Amino acid sequence: AISAISADTSNPCEKPTARAWSWIVAFTWAAVPCSGWPALAAAAAAIAEFFAVFATTGGGRGPVPGFFVLALGKHGAHELNYSSDIDISVFYAPERLPLAEGAEAAEAAVRLTQGMAALLHERTADGYVFRVDLRLRPDPSSTPVAVSVPAALDYYETVGQNWERAAFIKARAVAGDPIEAAAFLDELQAFVWRRNLDFGAIADIHAIKRQIHVHKVDDRLSAPGANLKLGHGGIREIEFLAQTLQLVWGGRDPSLRVQTTLGALRLLARTGHISRKAQGALTAAYRYLRTVEHRLQMVNDRQTHNLPEKPAEMERFATFMGQPSARAFAEELLGHMERVQALYAEVFVDVPDLPEGAGIEPELDFRGTEPAPEPTASVLASLGYTNIPGIVATVRGWQSGRVRALRSERAQRMMGQLLPTILTTLSRQPLPDTTFGRFDALLSRLPAGVQLLALFQRNPSLLDRIAAVLGAAPWLADHLTNHPAALDGLLSPEEAHNPARVLRLRLRDATTLEDAIETTRLVVREEEFGLAVATMEGRLDADSGGLARTAVADAALTALLPRVLADFATRLGRVRGGQMAVVALGKAGGREMMSGSDLDLMLIYDHPEDASESRGRDIRRLPSSQWFVRAAHAYVAAVTAPGVDGPLYAVDMRLRPSGNKGPVAVSLSAFRRYHAESAWTWERMALTRARVIAGPPALRARPEAAIAEAMAKAGAPDRIRADAAAMRARLARDLPPDGRWDVKLRAGGQIEVEFIAQTLQLIHARDFPRLCSQTTRVALTRLTEAGLLNGADAALLIRADRIWRTMQGMLRITLGRSPRNELPVASARPLLRAAADAGMEAVDLPGLLATMDALARDVRALFVRHVGEIDR
């Protein structure tokens, strides 16, 4: 068709002849639904006039450099129906247009757009190609049909709406300068896809849907006269549901950024944001409704979405749909629409009702400056609040906009709706006034309140979870107050949880090492907060929590290593054939990390003997050993880089050969030599928990073999026991327990359970290498299975290991890293519940301490039996 235009247009100022244009019309109708070439063809026809009037030469960036057409809506998603309009938006980069002297960029772009649109939608004797809708451009009531790129970007960055974000999900370039179009769409990524979860988008898009129902269709759900597109249970509800969930989650998961509706539904199900059953129902309904839509428009060759209302016409159409009667057709149609309507309502729900039995809304009145009216004060007192004046003053501050997050009209309206629910939910905590104060501190730190309030509206259970955190876990409450974005960690679907995948997807948008570090830090913070809350709520035990936290750390360290080394190589070249591995020890090595755990790391490298120095173009060469030491420093700096919420992880590298006196990175040969000649027993005990977690597969096996070799040559059993007992005595002297709740360092505590497992593994590693495991409970089990540890002793030690880690983990979550002799009353409930879940029943804290003391005495007795006496 384009060739025909060119052949018939000898004069560049002439429009294509009727014969040439008829080729486009005929081919378009033969190709319905099509994907965008008509816009390209029309643009080609209009370009002839453009160059004759405005331009100099086309150059190498498409027919008109700087000018491009985006398809949106069904056109952008390759989903045109039989009689679709096409939604296009036209943009231009003024500095790119090849304008003749004196020509104006805006006038030229508008003329070109008008010519292209006219060729598409004007009727001729041969008909028309497509009806063109240009109203999806920025502010269509006050902007020309072609918008400059700077003006468009400024609009979207400042006043762009959620419905425009949804529209750009389906945007794709269909004509013009492909380079400029790609750059423009790339610039809009931050506008369309927000890193933090945006449940406010749900309310905005649902408001659009409500407007459609108010102004265009009624609420009935019946087949005669049903609007397949805009009606309840129709095509638009499926599209809105998919697009809204894409907007909410797509900023964190780039795999959801697809244009097609069915593709979005498939990916939303794969990532756990809708169920597989919902995906199947919505997909079947979408395919069915689109088929009905196509055939409905074929009946009279017109754009309509309403089924016939007259019985005779419905009977004829039912025949067209292959149904024996209008009734059978209606049953099939309404079955699909009812399922869509129900699933749509699950996402677009109304504001939750007050908790059952609350009944407080009519009594609450926070207006004025005088003391609170008696009904309001009585209600607050009945809920358990004691500082009534303080509560009233705070709420009045919210209502007056004293808190930045609540200054907008929308935030005020949402808070007014949610206030009774918030007050009731916070009052259920053991110390309502304290919990309310922490909630106020959280609000005060937010830059905007709509996001959080929308989260509560869309996820009613979230408010209960946040109240529990604020009430029982001061340390978590402080973390949440300082870093509200951590809330995102509570909302990811747990059934589809995979930290390595989450991080890999989020890092797609990271273009620099600094971006990668910041993204990794955010992901780790979100994941850690979600795991901490799940632990506090009793949904995650110590074993599962340790595995999950370690998986997060593994993913972060693995993701950063190649990025750091690649960035380092740009400055100091590479060592030919050189590779580096990251070895985790301690809790990270044993897959037993808890909230706030440091990372005990060791970095081991290897390279060919003849690769003695680094190489790179125009880069200073370094000896290989120096290159790896400096690369290791760069890696540790990335992991410990301070952000607004602290470093990604605290790193301890004292377990490397020679400790703090040795180099940060050690060569594989030096590692082998050190453990063959100089290592202490306690260093080999640390190796029982060593695990290679990052590095090229070809390298990882070699440090693993070297670690096993070092453990097998730990020395005579008596020497190992004596050294382990001496080391425990030194720790007791230099690091005494910090009170009765210090379950790690107390006599008979966690460290003694670990020493027993490590000592026995070193003693038997040479003869029974397969019994070794970095995880304490697994190692104890294997020792028992091999007949090297009494079954009763192993059972007690495994029980103690689980209880001590459970207690330490819960204390970390609720109170931080510093145990106390006296625990807050509010923290007792989760601690007692966690102890019970771990197999240690107690009705109160004194009873729990007594039970812990008895367990510790039993562990100390086993330490003496299997390791030795501890000299004070």
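The structure displayed is predicted, hence computed values, not measured ones.

## Focus on the overall build of the protein chain
Looking only at helices and strands, one finds 36 helices and 12 strands in the protein chain. A burial count over the protein chain gives 56% of its 872 residues as buried. For the protein chain, the exposed surface amounts to about 37300 Å²; the carbon and sulfur share of it is 52%.

## A short note on the pattern of salt bridges
Enumeration according to the criterion identifies 41 salt bridges in this entry. Between E528 and R549 there is a salt bridge, and its shortest N-O distance comes to 3.1 Å. Residue E528 is found in helix α24 (residues 513–536), and its partner R549 is found in helix α25 (residues 542–572); the two are separated by 21 residues along the sequence. Both residues of the pair, E528 and R549, count as buried. In this structure, R672 engages E709 in a salt bridge whose closest nitrogen and oxygen atoms are separated by 2.8 Å. Taken together, the residues R672 in helix α28 (residues 668–677) and E709 in helix α30 (residues 697–712) connect sequence positions 37 residues apart. Here E709 falls in the partly exposed class, since its relative accessible area comes to 35%.

## Quick notes on the packing of aromatic side chains
With the rule as written, the count across this model stands at 15 aromatic pairs. Arranged with centres 5.7 Å apart and planes meeting at 70°, the rings of F317 and F329 form a pair that is edge-to-face. Note that F317 is positioned in helix α14 (residues 311–320) and F329 in helix α15 (residues 326–347), a separation of 12 residues in sequence. A single burial state applies to F317 and to F329, both of which are buried. Each member of the aromatic cluster is reached from another via a ring pair, and the members are Y385, W398, F436, F439 and F456.

## Focus: helix α33 (residues 776–785)
Buried residues of α33: T776, R777, A779, L780 and L783, and no others. Angularly, the buried residues of α33 cover 160° about the axis, an arc narrow enough to put them on a single face. Among the structural elements, α25, α32 (750–764) and α34 (791–815) are those in contact with the buried residues of α33. Immediately beyond the C-terminal end of α33, within one or two residues, lies G787, with a positive phi of roughly 75°.

## Notes on unusual backbone geometry
Notably, H78 is not glycine yet its phi reads approximately 60°, a positive angle. Position of H78 among the secondary structure elements: in the loop between α4 (73–76) and β2 (86–92). Residue classification places H78 among the partly exposed positions, given a relative accessible area of 45%. Notably, R591 is not glycine yet its phi reads approximately 55°, a positive angle. By the element assignment, R591 lies in the loop between α26 (586–589) and β8 (599–606). Residue class for R591 comes out partly exposed when judged on its relative accessible area of 31%.

## Observations concerning the confidence of the model for the protein chain
Chain-level pLDDT for the protein chain is 84 on average; 86% of the residues reach the 70-or-more range. The low-confidence segment residues 1–36 (pLDDT under 50) makes 59 contacts with residues lying over four places distant or belonging to another chain. Note on residues 214–218: pLDDT under 50 across the span, and 8 contacts to partners over four residues away in sequence or across chains.

## Looking at the nonpolar core
Counting residues in hydrophobic clusters, the biggest one holds 123 residues, and the most contacted among them are W398, L423, W741, W804 and L848. Per-element tally for this core: the top contributor is α34, with 10 residues. Dropping the residues within four chain positions of it, W398 is found in contact with V403, L406, Q412, M415, L419, F436, F439, D440 and L443.

## Overview of a negative patch on the surface
Negative charge collects at one region of the surface, where D154, E157, D186 and E187 lie side by side. Where the negative patch is concerned, the elements lending two or more residues are α6 (149–159) and α8 (178–187). Within the secondary structure, E157 sits in helix α6. We classify E157 as exposed; its relative accessible area is 57%.

## Examining the environment of L561
Mapped onto the elements, L561 comes out in helix α25. On the basis of relative accessible area, L561 is assigned to the buried category, the value being 4%. As for L561 and A581, which are separated by 20 residues in sequence, their C-alpha atoms are 8.7 Å apart. Look past the residues within four positions of L561 in its chain and what remains in contact with it is M580, V582, Y635, A694 and G695.

## What about the environment of V149?
Along the chain, V149 turns up in helix α6. Non-local contacts of V149, meaning those with residues more than four positions away in its chain, are made with F68, F91, Y92, A93 and F184.

## Focus on the side chain of S773
For S773, the position within the fold is in the loop between α32 and α33. Relative accessible area serves as the criterion here: at 10%, S773 is assigned to the buried category. At 3.2 Å, the side chain of S773 and the backbone nitrogen of T775 are in polar contact.

## Quick word on α8
Burial in α8 covers these residues: E180, A181, F184 and L185. The arc that holds every buried residue of α8, seen down its axis, measures 130°, which confines them to one face. Packing partners of the buried residues in α8 comprise β1 (67–72), β2, α6, α7 (162–169), β5 (172–176) and α9 (189–192). In this structure D177 caps α8, since a side-chain oxygen of it lies 3.0 Å from the backbone nitrogen of I179.

## Comments concerning the pairing of β2
Counting buried positions along β2 gives 7 out of 7 residues, so the element sits mostly inside the fold. Burial of the side chains of β2 extends over both faces: I86, I88, V90 and Y92 are buried on one face and D87, S89 and F91 on the other. Summarising the sheet, β1 and β2 pair through 6 bridges and their orientation is antiparallel. Its bridge partner lying in β2, F67 is registered against Y92. Bridging between β2 and strand β3 (residues 132–133) involves 2 bridges; their strand directions are parallel. Bridge pairing links I86 to V132 in β3. Summarising the sheet, β2 and strand β4 (residues 146–148) pair through 3 bridges and their orientation is parallel. Bridging from a neighbouring strand, V90 pairs with A146 of β4.

## A word on the side chain of T261
Assignment of secondary structure puts T261 in helix α12 (residues 261–270). With residues near it in sequence (within four places) discarded, T261 still touches E79, K170, I238, E239, A242 and Y286.

## Observations concerning the environment of R316
Here R316 is to be found in helix α14. C-alpha separation for the pair R316 and A326, spaced 10 residues apart in sequence, amounts to 8.0 Å.

Calculation rules
Throughout, residues of each chain are indexed from 1 in the direction in which the sequence is written. Local features are withheld for residues below a pLDDT of 70 in this predicted model, meaning they are given only at 70 or higher, and side-chain atom pairs are given and counted only at 80 or more; totals for whole chains, interfaces and linings count all residues. Just so you know, side-chain values use all the structure's heavy atoms and leave hydrogens and water out. A run of H or I in DSSP counts as a helix once it spans at least four residues, and a run of E counts as a strand once it spans at least two, with each numbered from the N terminus. In this scheme, a residue with accessible area under 20% of its type's maximum is buried, one over 50% is exposed, and one in between is partly exposed, where area comes from a 1.4 Å probe on protein chains only. Note on areas: Shrake-Rupley with a 1.4 Å probe; residue coverage comes only from the protein chains shown. Think of a salt bridge as a Lys or Arg side-chain nitrogen and an Asp or Glu carboxyl oxygen that are within 4 Å of each other. Aromatic rings from Phe, Tyr and Trp, taking only the six-membered ring of Trp, are treated as a pair when their centres fall within 6.5 Å; an angle between ring planes under 30 degrees marks them as stacked, one over 60 as edge-to-face, and anything in between as tilted. To be clear, the arc concerns the directions from the helix axis to the C-beta atoms. Contact criterion: two residues are considered in contact whenever any of their non-hydrogen atoms come within 4.5 Å of each other. Per-residue confidence from the prediction method is given by pLDDT, with values spanning 0 to 100. Residues belong to a common nonpolar core when they are buried Ala, Val, Leu, Ile, Met, Phe, Trp, Tyr or Cys residues joined through side-chain atoms within 4.5 Å. Like charges are joined within 9 Å and nonpolar side chains (Val, Leu, Ile, Met, Phe, Trp, Tyr) within 5 Å, but only among residues with over 30% relative accessible area and no salt bridge; these make up the patches. Within this scheme the basic residues Lys and Arg register as positive and the acidic residues Asp and Glu register as negative, but His and the chain ends are omitted. A charge is said to be at NZ when it belongs to Lys, at CZ for Arg, at CG for Asp and at CD for Glu. Two N or O atoms count as a polar contact when they lie within 3.5 Å, although within protein this holds only if one can serve as hydrogen donor and the other as acceptor, and sequence-adjacent residues are included solely when both atoms are side-chain atoms. When DSSP finds two or more bridges between a pair of strands, those strands are recorded as paired.

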